[in-house]
Every structure is written in structure tokens, then in C-alpha cells.
Amino acid sequence: MKCRSIAGIWPEAPPPHRVTATAVLSEPTTLYTGAADGSIVWWSFAGDDESFKEIYPVAVLCGHAASIADLDICYPLLASSDGMMDHTTDVVTNCTGSEYVALISACVDGVLCVWSRGSGHCRRRRKLPPWVGSPSVVHQLPTNPRYVCIASSFGDASHTVDKDFVDPVGGPGVAADQELSRKHAKGAIIIVDSYTLTIIQTVLHGNLSIGPFKFMAIPEPFQDLKKLLLVDSIGQLQLIPLLRDSDVVVEPLTSNCSSNPKINNIENISEGELVLSIALSRSILGVLYRTNCVFMLVLSGTVLGGISFNNSALPSGSDSAESHPVGCIFLHGRDADTLGAGEAHGCITAEFAVWNNRGSAIVYRLSYFDNVFKSLVLYEIPSVCCSSDIGISITCIQLNDCIIRLESICFNEEEPLFWKPHITVWSLPKQNNEHENVMKRCKLIGEGDFLVDWIDINHKPNGRAMEDSFVGSAVGLKTALVAHGKSILSKGSVDSLPKNDLRYVFQRTECVVSCSMVLLRSSHMPHAIVYGYQNGEIELVKFQMHLGDADFVDQDVCHDLKHYEAKQHFSGHTGAILCLAAHQMVGTSAGQSLNHVLLSGSMDCTVRIWDLQCGILTMVMHHHVAPVRQLILPPIQTDRPWNDCFLSVGEDFCVALVSLDTMRVERMFGGHPNYPAKVVWDGERGYLACLSQNHSVASSKKDVLYIWDIKAGSLDRILHGSAACSMYDYFYRGKRMNGIHRSTLSSTSASSLVLSLTDDGGFLHFQQRINENQPSSYLADPILSQRGVFQGSLSDAGSALFHDMLPVKCCCPLSGIAVLSFDLASLMSFIVAEIDDGKQQKTFHDELGTQTQRRIAKDGSNVGRNSPYLTRRPRLHKDFAMSLLQFSLSFLHSWDMDFELDKCLESEMKLNKPEKFIVAPGLEGDRGSVTLAFPGFRSALELWKSSSEFCAMRSLTLVSLAQRSVSLSPSCSTSSSALSAFYTRNFAEKYPHLKPPSLQLLVSFWQDEEDHVRMAARSLFYCAASRAIPSPLFCPKVLGPMNGMSSSDEVRENVEQYEGKNALYVDGEMLPETRASSEDKDNKILEWMGSYELQDWISCVGGTSQDAMASHIIVAAALAIWYPSLVKSNVAMLAVNPLIKLVMSMNEKYSSTAAELLAEGMESTWKPCIGSEIHRLISDIFFQIECVSGASANTPATSQPVPPKIRDILVGVLLPSLALADIPGFLTIIEGLIWSTSSDSPAHLVSLKTLIRVVRGSPRSLAEYLNKAVNFILQTVDPSNLVMRRTCLQSSMRALKEVVRVYPMVALNEMSTRLAVGDAISEINCASIHVYDMQSVTKMKILDASGPPGLPSLLTGTSETVTTAISVLSFSPDGEGLVAFSEHGLIIRWWSLGSAWWEKLSRNLVPVQCTKLIFVPPWEGFLPNSSRASVMAKITGNANTDAKEDTAGLMNDAGNVNTLIHNLDLSYGLEWIAEHQVLLTRQGHTIGSFQF
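A brief structural summary. (Residues numbered from 1 in each chain as written. Predicted model: local features only at pLDDT ≥ 70, side-chain atom pairs only at ≥ 80, totals over all residues. Heavy atoms only, no water.)

### Section: the overall build of the protein chain
Applicable threshold: Helical segments are the DSSP runs of H or I of at least four residues, strand segments are the runs of E of at least two, and each set is numbered from the N terminus. In this scheme, a residue with accessible area under 20% of its type's maximum is buried, one over 50% is exposed, and one in between is partly exposed, where area comes from a 1.4 Å probe on protein chains only. In this description, contact between two residues means that some pair of their heavy atoms is separated by no more than 4.5 Å. Values of accessible area rely on a 1.4 Å probe in the Shrake-Rupley scheme; residue burial ignores everything except the protein chains shown.
Helix and strand content of the protein chain: 37 helices and 64 strands. Within the span of the protein chain, comprising 1492 residues, buried residues form 60% of the whole. In the protein chain, the share of contacts with a sequence separation of at least 24, taken over all contacts with a separation of at least 6, comes to 64%. Carbon and sulfur atoms form 50% of the exposed surface of the protein chain, whose accessible area is close to 56900 Å².

### Remarks on the sheet that holds strand β60 (residues 1387-1392)
Either a parallel or an antiparallel arrangement is found when strands of a sheet pair, and the pairing is made through backbone hydrogen bonds. Note the following rule: Two strands are counted as paired when DSSP detects at least two bridges linking them. Angles shown run from 0 to 180 degrees and are taken between the N-to-C directions of axes, each axis being a line fitted to C-alpha atoms and, for helices, limited to the stretch in contact.
Spatially, the four strands line up as an open sheet ordered β58-β59-β60-β61, and their pairing is antiparallel. Of all strands in the sheet, those bounded by a partner on one side alone are β58 (1368-1371) and β61 (1412-1415). Shown here is a sheet whose adjacent strand axes are inclined to one another by a mean of 15°, direction ignored.

### Observations concerning helix α24 (residues 1131-1144)
Basically, it comes down to this: To estimate how far a helix should reach, multiply one less than its number of residues by 1.5 Å.
Between its first and last C-alpha atoms α24 spans 20 Å; for 14 residues at 1.5 Å apiece the expected length is 20 Å, and the two agree. The element α24 is extensively covered by neighbouring structure, given that 10 of its 14 residues are classed as buried. Looking only at α24, the buried set comprises Val1131, Ala1132, Leu1134, Ala1135, Val1136, Leu1139, Ile1140, Leu1142, Val1143 and Met1144.

### Notes on the state of the cysteines
Note the cut-off: In plain terms, two cysteine sulfur atoms within 2.5 Å form what is called a disulfide here.
Overall, the coordinates contain zero disulfides when judged by the stated rule. Distance from the sulfur of cysteine 811, which forms no disulfide, to the nearest cysteine sulfur (cysteine 812) is 6.8 Å. The exposure class of cysteine 811 is buried, given its relative accessible area of 4%.

### Quick notes on unusual backbone geometry
Cis peptide bonds are those with omega within 30 degrees of zero, and the linkage from arginine 640 to proline 641 qualifies with 0°. Tracing the backbone shows proline 641 in the loop between β39 (628-632) and β40 (645-650). The backbone of asparagine 400 sits at a positive phi, close to 55°, despite the residue not being glycine. Along the chain, asparagine 400 falls in the loop between β26 (391-399) and β27 (402-410). With relative accessibility at 33%, the residue asparagine 400 sits in the partly exposed group. A positive phi angle is found at valine 1337, which is not glycine, with a value near 50°. Residue position: valine 1337 is located in the loop between β55 (1328-1333) and β56 (1338-1344).

### Here's the deal with the sheet that holds β27
If you walk across this open sheet you meet the four strands as β26-β27-β28-β30, and the pairing is antiparallel. Two strands in the sheet have a free side with no partner beyond their single neighbour: β26 and β30 (443-449). Pairs of neighbouring strands in the sheet enclose a mean axial angle of 20°, with direction left out of account. For strand β28 (residues 420-427) and β30, the ladder comprises six bridges, and the chain directions are antiparallel. Bridging from a neighbouring strand, threonine 424 pairs with glutamate 447 of β30.

### With respect to the pattern of salt bridges
The condition is simple: Whenever a carboxyl oxygen of Asp or Glu lies within 4 Å of a side-chain nitrogen of Lys or Arg, that contact is scored as a salt bridge.
Tallied over the entire structure, the rule returns 24 salt bridges. Across the pair lysine 127 and aspartate 109 runs a salt bridge whose closest N-O atoms are separated by 3.5 Å. Of this pair, lysine 127 sits in strand β9 (residues 122-127) while aspartate 109 sits in the loop between β7 (102-107) and β8 (111-116), placing them 18 residues apart in sequence. Judged by relative accessible area, lysine 127 falls into the buried class, the value being 4%. The class of aspartate 109 is buried, set by a relative accessible area of 14%. Aspartate 1180 serves as the salt-bridge partner of arginine 1176, at 3.0 Å between the closest nitrogen and oxygen. Of the two residues, arginine 1176 and aspartate 1180 are both situated in helix α27 (residues 1174-1188); the distance of four residues between them amounts to about one turn of the helix. We classify arginine 1176 as partly exposed; its relative accessible area is 39%.

### Some words on the side chain of serine 960
For serine 960, the position within the fold is in helix α16 (residues 948-968). If we skip the residues at most four places from it in the chain, serine 960 touches Leu824, Met828, His1012, Val1013 and Ala1016.

### A closer look at the nonpolar core
Which entries qualify depends on this criterion: For our purposes a nonpolar core is just a set of buried Ala, Val, Leu, Ile, Met, Phe, Trp, Tyr and Cys residues, chained together by side-chain atoms within 4.5 Å.
Residues Ile404, Phe1021, Leu1119, Leu1158, Trp1166, Phe1182 and Tyr1303 are the most contacted members of the largest nonpolar core, which totals 222 residues. Broken down by element, this core gets its largest block of residues, 11 residues, from helix α23 (residues 1105-1122). Filtering out sequence-adjacent residues up to four positions away, leucine 1158 remains in contact with Val1136, Leu1139, Ile1140, Val1143, Trp1166, Leu1177 and Leu1214. Counting residues in each nonpolar core, the second largest holds 25 residues, with Leu25, Trp42, Leu71 and Cys107 among its members.

### Details of the side chain of serine 946
The line we're drawing: Any pair of N or O atoms that falls within 3.5 Å is considered a polar contact. Within protein, one atom must be able to donate a hydrogen and the other to accept it, and sequence-neighbouring residues count only if both atoms are side-chain atoms.
By secondary structure assignment, the location of serine 946 is in helix α15 (residues 937-946). On the basis of relative accessible area, serine 946 is assigned to the buried category, the value being 12%. Polar side-chain contacts of serine 946 include one of 2.9 Å to the backbone oxygen of glutamate 942. Leave out the neighbours within four places in its chain, and serine 946 touches Trp42, Gly118, Ser119 and Lys995.

Structure below.
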């Protein structure tokens, strides 16, 4: 299992965000906005529906590297066969809670992502196959919201970037758009399962009867026939039938559709005008044009009427400078919404909103009755107050009774990085009079943007963000970009702002980051972040890391620690920095002393080469005539002289090969039809693959691949269409399978968020290792290259594994945002080496290389021992390990949450708060996706409140590292304990609304290889279990009358609240049985334990469905053992059988944990549930040992099916607990194994080891079956079975000596030739002592210990009496006598027998009476269970009748034997102090000496 904690580093200025897609949820109130740069922002609302005090960004969802095409809400966990959607709400009727809701996003590059609502975690990420094309619309299927419809059209892609930003009408693009729409276009429409992101149906793949469609909608089904509506830019409509949901589920994937489905064409209703937007409500379609809006019935084609904007309150006109409408929506859930029944009864009433490009919006009431269409203006939303020279893009979306207006504003439309979002929420007033013709102005009830977080950060008091700093922070700050009703901003007004005003600072080009990357040390630790700015400046900001020895710092990178500078600046470019790269020279450049170089490409069409050591400019290259977009470094297997070259890709459609040795352009590859966005450099074979894509044409023609011979500089071949994509992926996958670049400082500013062109979810073995972990600096496309990651030198699979084991991995998913990923397994495994000055030191890379070779050998690959990273390695010692811990904790700790803890960590543990960086926590998603919280206390705390997976992973990492730091530096034990206590208990106590950590996730680390991780996972589980009990298992308790709960309705409401979510329990009485039957409750619990679709933690840790089910079982079992009062009473009964099955599955991850839980709760929890099954379970374990292991005790197995760790747990933990639960059954089974298994079977050794553990663990429980246990031991050393004797002799003698040590009623003479075993518990007249000859392992004699000699007939009346018989035995020093003491009756018996007599009677098993009997006087403090008087009364028959009856009643009590076992005293001793004198002791105290 992986556990990676994310720390994101934000730039000093807010990132750009031009909204291209939106989605909203009403419960809980959540807004998502997708942007042109591929980012998705998750917004939260503070307040209620009447007044949202503030709207603030919570996190940015990084999963796309291209513009977001569309967003929509889906329900991945909804069953495919049931679950209906209410058309007026956003909630599935049979799904409650945010864990069921998800966001699906699609970008124009074909990548799909599904994001969890609760945590923002990316559940699934996948790239669509090339034949689908570029997605433009994503729409949830209304009747089954688990599935989504995705449509793509091979036409003009200009509208897919921003559907709501409309260029002025009359420009040159209008005629082209009309001309294009008159031609038939090609498109693809698919149905995708939002849970797996697999294509389950191809609705259309081929020609359309209209032009390239711009809009898509799904009308209300008519007569069980569902259709899909497509609308192109000039208003042509096409209806395409969809299959039923039941058919959708079973429809096979068909990638080649030869025939199109039946198509219904609807005549164009407004010839010659461009469609700006459409709105659909069930079967009513509104088509928005520039001057009017037309309404019609989709299925019948009946035009109902329209609205003209010429005389409307919504301004419009023909001049491009004037405002014009851009979008429209139907308002659902309002009182006037009767569209459902309107068509059937001829009456329609609805509310309809239209907005223009300046933000002004009008809400109309539409009515259609008796073929008369009317429209009435109800409400107005004022426009944005800004000058016309400021670029603005407006989108509106409904939220209950409000309209959210999303404003993307830019003071310079030519600079895409200057777009900033601003959100306002407007409340729709209620119309008192239906016929009232007075337009009302909507009320502004909330607004928000990015600036609040950055302003708060830049105004921290003394570098500390106060916990309540965000309260009221929006006041006066929302006018940073635009100010409604207060001021009008323009380009000139921005320039006139004061230089120290953040509103000015965030709009300056020197504050806008255009690209970034992360540099690493040769020790593979992050060294610095390089930022490229919009004004052409480059800044290198170094991380601060204390390294105790200069030997562990790369001397070339940080060559002078005495003159360490935190920042370094590179100036010279006159345009925005578009790409960066860093390269470590392999050879020596001509006339230069370069070692590490920094490469930069700019909008000024130049490439500059900088000396990274000196910080000076080395060369300026002018070989491009257009902006330089990409820089590509040579791959690992590139030979001289190409290994010190790089590629530059420009917008002039040329790719240049530049040598750093000669500082000249060696090759120029031109002639590409379009910009070659995707480039792969095959250094081993000397080829260059450049893929150009044109999204404005059909899929069969849009892809062109040029393959160049680098050495000859000539074009090898040109491929088109699918052949181009296949060949490109061949190069791409081949390079991914090969190693990483050889330079330790080699990195590029390319994005880390791209999948292969043909990635359909079927990754190869090495491609399953998390996308962002596999750097590929030779991949030119920003989407195909990794950013800021280590470039190693191991070959092939070795380099991939080497990098996968690095403790800190780096990438830059978006421009300006750097992400540090701290891998817990790597951090714990690489810092364990201890340094001893007198011995050979183990180095960081020795350990790394050894583990890499082991993993590669396991995977079937080879890494040569002559690899550079197996020979040239810096040392790892204690200082470096501690510095690694300090660096990790500094970036992962949540600063400013507890000031006292912060001071302790800074003073004692020497942690450095990253003051130079704006750090925020994050969560890693599927295949390289990242969810990163916005800066500031509020957003970070929101992530803790919303994601149980984040809480579990971050807490587990911090607590594990804190515990590990104590072993490296004992002086920081106080701060380490404080840090551990904060994340286990104090954090949740200080902020009670935090989400409890996921118990299932913590359980998956209970068997981690590192002790500190296991301890941390269990500690977090114990502390969080009471707050995180899953709802199917939770047993609600209600507040009593004293706590304020007075009515049964309130009690019932409280219970429903608890059952609907994970809740804290409250002390009180349990509720009566609910209405659901017991069987339904059982089914819910069983369904939960067998489910795997209810938690995001599976993808967080890289788990599978088997991991999910196993964790659910373990969580249920652990809660049943440790918190039985908090879970339902039937949890234990339902969990025990799945737990047993999990144990016997021999799963390396969970069987050991399941066995430990089964053993721990056997006596208290599981024994009442499976009492009759214990015997079978013991037999099954021995079957696993005997048959599955398949190796004899004398011949070790080379490959055992049962892993050694599981086998040790079964033998050492579970089997003893089962044996204690059913001792007679256990002894019966092991005796039967002697005859049913081979003589050298390992089962015999396991039986003896288990018997020893039973003797040590619960000796009193075995005392009743002592003779049977000893008899088994003696059978294993039977001389007649030499094989078994040879196999078990040592273990048998060890077991026998342990029995003699623990049980005083078992004695072995000094010569170990005779063994005596007395009955610990027996009937009074049947007590005996068995004497064995150890040489022949046979029973020699039975000694009678039933009563005084000569009076055996007097005891017949007490034949049914059971009591303690023999308390202690001892052989005389000469071995010719045996003495026994019985606590019952306080009697000492002596048998004086000569050796000849022993031999003569060795075969006679007639009980022998004792030679002498001595009564021991009671000692001080003695409280016997029965007095001597009662014994003599029984002997003489003079006992009182009442006493006899009482005694008989007591002896007949079923619990008498258990009472005797519980009170059995094993502390007696007999010591020979003379030839015929013994000393009796009890608990080490002398009772008396007795002479024979």
C-alpha cells in the first residue's frame, strides 16, 4: 500500500482562471468552475440560502493539462439497475450523503476525471481513445445518473474553449461558421460509466446530418423513447435515439459503427443567424440568438413563440462594442415551473433567464395557453461595472432560488494569464402578484474570488496567520478586480493604483508566473523551484535544508554553502517565459566550463542558455521566428555527441536540435503542417517523432506524424490518422519502459498531467506505477513530459524502480504550482541505516540500489552491477536522515493550528517553517492527479473537515515520522510525543468538526513492514474509532432526559441523523428496535462488509476491490472486539465467518491482521459465536501447515505457498488462542496427527510449540488435561518411531521441561529416567499418579492417591466428588522414592520403593498404595477449599446430613470444575533437605519440613 502526502507550493500571485465550464450542487452547496488552463476550482459557501456571507475557493483539482470542455454532476456509486433521479433536485432518492455524489470533467484533449464531492479526490482518470475526438459536451443521463453522455464533433474547435465568451458579431469568423455549419460534419457520441470511466455504448460514430454541433441536450423521454438533441451554430437540430438503460448496461462496446442510428431532422427556425446558447427543460427548447430567443417543443417541432431583445431591458445591438446576449437557462424548482404537464394540457408556465456579455441578466415568466405565448419580465441582475476595454466572460447557473454569476475578468485580453474569476450570488425575489408587471432587482447575497486568500497571506501579523483571520476578510476586498456599484476599473485605473496595493501587485507582469519547474540535488532531494514570469524574468528559489555534512550535498549544485543565497535571478528575456529545462553536462563544452545549465524559451522567440552555478547568461539562440513552446532533453541511451544536446519546439512549426558543446543549431526539422505539440526523442535508435494535430478536421485527417532521422537530419516517413497515433504511442510507450534521463538535475517545465494517446485504462506493468512518478524529459509535449523529477541513470526497468523508491518526488501540474509528494514507505525505509564510525558505513544509495535490485529481480528484469548508481554514491548517515525528516515534517505539518506545538517543533526538533513559500496541503489522486488546497488556514482546515482519506494519510505520515525521529535523535522525544499526540487526539479535540480518519485506510497499514508505521496506524485507529464507526455498524445512543432530549420525535430524529452519516456517539440508553427487521439489518451489515464502492481510500492507497472488502471485514471485527457497546449486537456474529475466511485465504496484506483479531477476541467475542467450529478451524490450520506448505521438518522448502509472516502468526498467535478455547479438541487433533501424518511432518513441531504456548499462556486451563498433554509429548519421542523421534526430540524435551517447570504436580528425576504425572483435578477416590520410564517411553506404574491406606471402601459414598488431587510431586535424590502433597486434606504421601522393586513391577499397572501418610497442620493465613475435618467425616461416615446435602449440591454444580481451575494453586514446592526429609513451600514461603 502506498501512502503519499502532498505539499503544494503556490506562487506569490493568484493563478489565472478563465471559466469555461461550471457545475453546482445544492446539498451541500458546492460550486465547481473549470478553466482554460485545465484547472478546476472547488468553491464553498459560508452562510445560508438567504445570505452567503462569503464564497471562497477550497481547492484546485489538477487532472487536466488542456482546457476544460465541460463539467457535470454524476453518481458513480448508484446501482445500474435502480436509483431514480428527481428532475427537480440534485440528489438521488436512494443515495444520501456527499460520498455518493461526484463531479465528472472532460478536457478538449480527451482526458476524463471523476472527482469525489466529499474530499475532492480524483477517483478515476482516463484518456479516451483517439477515435472519439475532442469532447465538447458532457451530460448526465437523467434516468440513470451513473452514466454520462459525451459528445465530440470534428469541426471548428474554437468554441470548445469557452462556450460563453462570444466574439462581436460581424467579424470574419461568422461567415466561416455559417459556411462550416452548412456542411455535414463528423462526430462521436458515447455513453460512459462514471464509476469505471469505460465506454459501454457508442451511440454515434460517423457523419451528422447537420454541421459541427455546438450544443447537446437530452429531452424528457417520450413514450419510453429517449433521444439526444444536437444543435449546430446556425440552429440546425438533430435528434438521435438512445437505448434503454437496461440495454445500455449490457450493450457491448463497438468501436466501428458502419450504420448510423435513425435520425430526425427539424427545420431551422431562424435562418442565417448564429445560435448563441440553448436551454432545455424536459421537452421545451429555448434557442438564443443575438436579437431574439425562440421556444419550441423538441419532439414535435412546434414553435411556441419567442422573445425579442430589441426593446427589452436586456441591451443588444449590431455594433461590436455594444452588449449582446450570450447565455440562457430555465429556472427549475420555482413555483411557476409547470413544464412537465404543460405539453399535455396545452398550458405551460416557466421562468427563463437570459444574460449578456456584460453580466446583465433578465428573468422572464413564460406562459403558453390556448396557443397564445406570453412573456413577462420579472427580475433584473445589474451588469458588471467596468469599462468596455476590459475583457470579461460571463456565465450564470442556478442554485435553488438564486442565480450564481461567474465573471472572468482580464485587464489585457491579449494576456491569457491575467484572467481572474469573480463570483456573485443573486437572490430571486418572490413575486407577490402573478400579473404584476414591475421588474424587481435581485439582491446580492454573496460574492467571492481568489484574492482573499492571497491578501490574508500577505498581511500575516509577524508571519502568523491568525485562526480567525478569515472572519470578515471579504469586507472591502472583493473590489480588488471589479467593484459593483462602487467604482469602475479600467486598464488605466489599474496602472494608477498604489504600488503597494495588492490589487496592483497581482496584475503586474512580474508577478504572473507563466511556467515553473523543480530542481533536485544529486542526493535526489528537492533543491529549488524555478519560476518563469510573464515579463521575462526567471527566479530560482532554494529550499532550506539543514545537512550536517557537506559530503551529502551536491558540490556542483550548491558549491559554496558559506555563501548560500535563498533566491537567484536571471534577466534578459523581453517576453513571457514559456518553457524551462535544466541539464547536467555529460561532456565538456568547447571553450566553456559549463556543468549545469538552465535553458529557457520565451515569447520573444529566443532560447537562452544560463550557467546555473554562476547565474550568468552563456548564449542567446535566435533560430526560431515564433515563440518557443517546448524544450526537450536527451533520453538516457543517447550516445555522444547527442547526449549534450536539446530540442526546441516553436510555434513556427519547426523543431531544432541544439548542441551545448558547440552552442550551435545542428539540425532543423521543419515542414510540419501544424504546431508539433507532441514530440518523442528516441536516442537509442536516433529517431524523432513529431505529432501534429488539427482538431478542426475529421479524426481520420487531424493527426500527422513526422518521423525524422536525427543523425542524417532527413525525413524518414509521414503517417496520417490512426497509423500516426499508433506509431507515436509505440515511441511513447517504448521510452516510458526505458529508463530515466541520466542527469541528476535534468528537469523540464512540461506538465505532469498527460496520459498516452491510446490510454484506455490498460496500462502495462510499469505504467501502473502512478503516472506522475515516471519522469520523461525526452517527451516534448507539456502533457507528455514530467516536470521537476529525478533523472537517474539506471537502465530500463531499474531506473523506473529507482525513481519509484525516492522519498520525495516533485512535479508541477500547473504553471506556478509545485507539488512535493512524500512517500511514507520510502521515507521510512531509507532512513534506517545506522552509522558506526568503526565499521563500514552503509550509504543511502547502497540501500537504495540493493532494494532496487531485489524488486527488479522479483519483476523479472536485470540491472547490471556496473550501473553508475551502484558504484558512485554519496554516504547516508544520521545527519542526512534527520535532515530528511526535518524537511518532510516542515512541509507536511499544519502550521499555525497550535502555536505552542509550533514553538516546540522549532526549538527542539529544529523544524523550519517554510516562510519563503506559500504551502498548502493536498491529496494525491488516480494516475498523477492532485487535489491541492488553496493557501490559508481556512482552505486547509476545510480539507481536514471534508476528507477522511486526507486525514488518515496525513496523520499517519506525520505520526510515523515523528516516532521515527526519536530513534534518530532521542533529544527530540518531547516534541515528537507532542506532535504525535496532536494528530492522534488534540487536533480533533481543538477542532471538533474535523472528519475522522478513514478506519479502512488505517487498517490497510496494520501489517506494514515498518514498525513505526504499524504502531502509528493502530494508535490512530484506537483514538478515532469511536468517531468514525461506519453507519451500517453504528449502534446509536440517544441523549437522556438530563441532557435535554425530551420528546420521542427528537430521539428518532437524532437516530436518523446518526444512521445517515458517521457520527459521534452520546452516552445514554440504547434505542428500541427500529422498524426494519433483524434480517434487513443483517443484510445491510453483510452488504457493507462485502462492498468496495463506498470509499475513496481504495484509490488513495492504490488498493483493489479485494483490499476494500478485507478492510471492511477487519474494521467490523476490530470494532466488535474493542468497542462492543458502540456497534450493533449482531456485528460479531456476522463478522466472524468472513474473518475466518480471510484468515484462511492466506492474503499477505490482511490474513495476519485477521488472525491476530481472531486470536485477541476469541475468548470474549468469537467463542460464543463459533464454539462448535473451533475444532474444524484448528484442523484447517494444520491442513495449511501439513498439505499446503508441503515441506517436511527436515527439508526446508524453497518456495512455500503460505508466506512465512502469515505462517508465524497462525502458529504463534492464532493456534494457541484456538487451543485455549477448545483444549480437549486441540489435544484430540494433535494426537490424531501422529497417526494421520508423516513422521517428519512440520505439524508435529507446530503442535509442540503450540502446547508450550498454551502451558505458558494459561496453565490452569490445561491442568485438567495434563495427563493427555504429557502422553502426547511422550508419543513424539517414542523409540519405535525413529523418524519422529529424531524430528521432534529437541522440541519434545523442551515442551516436557516447560510442563515440569510450570506444573508442580509433574516431576522428573535427576537422571531424567523417570517421569511422574499426578492428577491436578480428579474425583477423590480416583486420584492417581502415573510413572513413566523415559528410556522406553512406557508407563511403569500407577500410584494410588485416592485416600488413606486401609480404608478405600469408606470412600465409596463420595465417588462423584471432584476436587484438587495432587498439588506437588518430587522424586527423592536417589530416585527410589516419590513424595506427593495434596492441598485437599493437607496430606503428604510417601512411596518408598527400591529400584529392583520398580523393575519387577514395571509391567504391573495395579494402583500402589502409599508407604506413609502425613497430615500437614494448617499454617497461618491458610484458607483451604475443604478442611481436614470434612475429609475425616467423609472417611468415617459421621458427617452431618445437611453438610452432605450441601456438599452434594456444590459438587453437582456445573461451574465447580471451573471454580477449581480458577483457584488452582501452582506455587507449591517440595525440596529435599535431607535423605528422608522434605521442605514444603508455597509461593516461596516455607510451610514446614517433614521426616519420612
